[in-house]
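Chain by chain, the residues:
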Amino acid sequence: MRVYRGQKEWQPDMEITAPSLRHAFGHDPVLMTDQLLLMTSGLLLHTDSGDEQARSALEDRLLHMQFSRYENPYVSCSHLQHIAHSFACASDTPGYILTIEGDPAGGLDYESVRRRHRMYSDTVGHLAEFGIPRKVVGSGFVLTRVEYVKDHTEGSEVVYACA
């Protein structure tokens, strides 16, 4: 599976991590990230088994992770390249589009979960979001290409391609 991520900065040795790993807020960010992943996977498991309370909590959790990035244990990506492009060029400044490939079972497809359980996606369904737990490297996903984009009208320049 291939997904895309738009971001403002990129360097060849950069770790691409979940927001929860980048913000401690008085807690160990690794421990907090693990707890958030455990909570989300538990809600998914119970929702899949038919638990309506878990379904309701999972619906809230998915929206919360998308609106409150500091409590999101997933690297946010999109199945759609134009969504990543819009994040890369936000505020009319240049950025990068990362192409990432890996096993879809290794992450969280937000809209697939919502469709499967008939959940409301509010205003974020258009993002076609896919979450990679913790960080890209070491998670079963591989960065295969990076493009530098100046704006919404110009083309892009490939600055990294996996051999």
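The preceding data block contains the structure.
None of the values given here were measured: they were computed from a predicted structure.

### Observations concerning helix H3 (residues 52-67)
Then, in step 1: A rise of 1.5 Å per residue sets the reference length of H3, with its 16 residues, at 22 Å; its end C-alpha atoms lie 23 Å apart and thus fit the reference within 8%.
Then, in step 2: Those residues of H3 not exposed but buried are Ala54, Arg55, Leu58, Glu59, Arg61, Leu62, Leu63, Met65 and Gln66.
Then, in step 3: On its buried side, H3 packs onto helix H2 (29-48), strand S2 (74-78), strand S4 (108-109), helix H5 (110-116) and strand S5 (129-133).
Then, in step 4: Its side-chain oxygen 2.9 Å from the backbone nitrogen of Gln53, Asp51 forms the N-cap of H3.

### Here we look at the pairing of strand S6 (residues 141-149)
Then, in step 1: Note: strand S3 (residues 95-102) against S6, 8 bridges, orientation antiparallel. The residue of S6 that forms the bridge with Ile97 is Glu147.
Then, in step 2: Summarising the sheet, S6 and strand S7 (residues 156-161) pair through 5 bridges and their orientation is antiparallel. Its bridge partner being in S7, Tyr148 is matched across the sheet by Glu157.
Then, in step 3: Between S6 and the antiparallel strand that follows it, S7, lie 6 residues.

### What about the nonpolar core?
Then, in step 1: Counting residues in each nonpolar core, the largest one holds 14 residues, and the members touching the most others are Leu98, Ile100, Ile132, Val136 and Leu143.
Then, in step 2: Those elements that provide at least two residues to this core are S2, S3, S5 and S6.
Then, in step 3: Leave out the neighbours within four places in its chain, and Ile100 touches Met1, Arg2, Val3, Arg5, Cys77, Ile132, Val136, Phe141, Val142, Leu143 and Thr144.
Then, in step 4: Residues Leu44, Leu58, Leu108 and Tyr110 belong to the second largest nonpolar core, which totals 12 residues.

Conventions adopted
Residues numbered from 1 in each chain as written. Predicted model: local features only at pLDDT ≥ 70, side-chain atom pairs only at ≥ 80, totals over all residues. Heavy atoms only, no water. Helix = DSSP H or I, 4+ residues; strand = E, 2+ residues; numbered from the N terminus. Expected span 1.5 Å × (residues − 1). Buried < 20%, exposed > 50% of the residue type's maximum accessible area, 1.4 Å probe, protein only. Contact = heavy atoms within 4.5 Å. Polar contact = N/O pair within 3.5 Å; in protein donor to acceptor, adjacent residues only side chain to side chain. Pairing = 2+ DSSP bridges. Core = buried A, V, L, I, M, F, W, Y, C linked by side-chain atoms within 4.5 Å.

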